Amino acid sequence: MPHPTVGTHGRLIAGLTGLLLAMGLPVLPGHAGMSAEELMVDPIEEGMTEEEREARREAIERERQAAEERRREREAAERAEREAREAELAARPYPVRLTERRCMECHDAGDFDREARTWPGWAFTVWRMRLAYGAELESGEWRVITDHLAETHGAPASKAAATWTLLALTPILIAALLWYLMRGRRQR
């Protein structure tokens, strides 16, 4: 004669399983990632014939295998998406990747858009980041980063023209100032 609490015991286990699933906890390690519907199966009831029990066991096993297949497919899709994203990032031009690797540790992409600079302005900025803030740049990387920033976040043509004109005139202005100072000393 079967134990009178077997049916109750099966319902109790099913209820606890449902509670654990509702809390988002896996019931068994093999059940991680399965939905509550996938795990909530009718327990094998008393009074079932052996054929019915075997059919129920086979149905439960088919459901478990289907859930496992869905989990594998979901993981494969996530892996493929991650690999595609990584391939897309790796396919970007070297200056973009280098600038992100060296500059994005401290800066957001929007930081570059706030103040458009000319090539000399970006060169000075990169130089300042290296000397004042310890930005780690290998030999020649400053030029690649400067070229990229000047190309993608460059100043308008009017500001660029003014900057280059001032840079071109600087040696002349320094020479004129030195000449004026030397001339003033000779006249005394």
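Residues numbered from 1 in each chain as written. Predicted model: local features only at pLDDT ≥ 70, side-chain atom pairs only at ≥ 80, totals over all residues. Heavy atoms only, no water.

A. Here's a closer look at the overall build of the protein. When helices and strands are counted, the protein shows eight helices and zero strands. The secondary structure elements of the protein, listed N-terminal to C-terminal, are α-α-α-α-α-α-α-α. For the protein, the proportion of its 188 residues judged to be buried stands at 19%. A sequence separation of at least 24 residues applies to 56% of the contacts in the protein between residues at least 6 apart. Accessible area of the protein: about 14200 Å², with a carbon and sulfur share of 59%. (Helix = DSSP H or I, 4+ residues; strand = E, 2+ residues; numbered from the N terminus. Buried < 20%, exposed > 50% of the residue type's maximum accessible area, 1.4 Å probe, protein only. Contact = heavy atoms within 4.5 Å. Areas by Shrake-Rupley, 256 points an atom, 1.4 Å probe, with all protein chains shown as cover.)

B. Geometry of the nonpolar core. Ranked by size, the top nonpolar core spans nine residues in total: Leu 98, Cys 103, Phe 112, Trp 122, Val 126, Leu 137, Ile 145, Leu 149 and Ala 150. Broken down by secondary-structure element, the contributors of at least two residues to this core are helix H4 (94–103), helix H6 (119–133) and helix H7 (141–152). In terms of residue count, the dominant contributor to this core is H7 (three residues). Those residues within four positions of Phe 112 in sequence are excluded, and the remaining contacts are Cys 103, Met 104, His 107, Trp 122, Leu 149 and His 153. (Core = buried A, V, L, I, M, F, W, Y, C linked by side-chain atoms within 4.5 Å.)

C. Spotlight on the confidence of the model for the protein. Across the protein, the average pLDDT comes to 80, with 78% of residues at or above 70. Looking across the protein, the model is least confident in helix H2 (residues 36–39), with a mean pLDDT of 53, and most confident in H7, with 92. Confidence drops under pLDDT 50 across residues 1–6; counting only partners more than four residues distant or on other chains, this segment forms three contacts. (pLDDT = per-residue confidence, 0-100.)

D. Representation of the side chain of Glu 141 within the structure. Structurally, Glu 141 is set in helix H7. The class for Glu 141 is buried, based on a relative accessible area of 5%. A polar atom in the side chain of Glu 141 sits 2.9 Å from the backbone nitrogen of Glu 138. (Polar contact = N/O pair within 3.5 Å; in protein donor to acceptor, adjacent residues only side chain to side chain.)

E. Representation of the layout of surface pockets in the model. Within this model, the largest pocket holds a volume of roughly 490 Å³. Those elements giving two or more residues to the lining of the largest pocket turn out to be H4, helix H5 (109–114), H6 and H7. Tallying contributions element by element places H6 first for the lining of the largest pocket, with six residues. The class makeup of the residues in the lining of the largest pocket is 11 nonpolar, three polar and nine charged. (1 Å grid on protein atoms, 1.4 Å probe; cavity = no way out; pocket = protein on both sides within 12 Å on 5 of 7 lines; lining within 4 Å. Points joined across faces, edges and corners; volume = space filled by probe spheres on them. Nonpolar A, V, L, I, M, F, W, Y, C, P; charged D, E, K, R; others polar.)

F. How the structure looks around a nonpolar patch on the surface. A cluster of nonpolar residues, Ile 174, Leu 177, Leu 178, Trp 179, Tyr 180 and Leu 181, forms a patch on the protein surface that exposes about 680 Å² of accessible area. For Leu 181, a relative accessible area of 48% gives the class partly exposed. (Patch = residues over 30% accessible without salt bridge, like charges linked within 9 Å, V, L, I, M, F, W, Y side chains within 5 Å. Salt bridge = Lys/Arg side-chain N within 4 Å of Asp/Glu carboxyl O.)

G. Expanded view of the packing of H6 against H7. Relative orientation of the contacting elements H6 and H7 amounts to 135°, with a least axis distance of 9 Å. When the axes of H6 and H7 are compared, the pair comes out oblique. You can see that H6 and H7 cross each other, and the crossing is right-handed. Across the interface between the two elements, Trp 119, Trp 122, Ala 123, Val 126 and Arg 130 of H6 pack against Trp 142, Arg 143, Ile 145, Thr 146, Asp 147, Leu 149 and Ala 150 of H7. Taken together, the residues of the contact of H6 with H7 break down into eight nonpolar, one polar and three charged. (Axes fitted to C-alpha atoms, helices over the stretch in contact; angles between N-to-C directions. Parallel < 35°, antiparallel > 145°, perpendicular 65-115°, else oblique. Left-handed = near helix turned anticlockwise from the far one by under 90°.)

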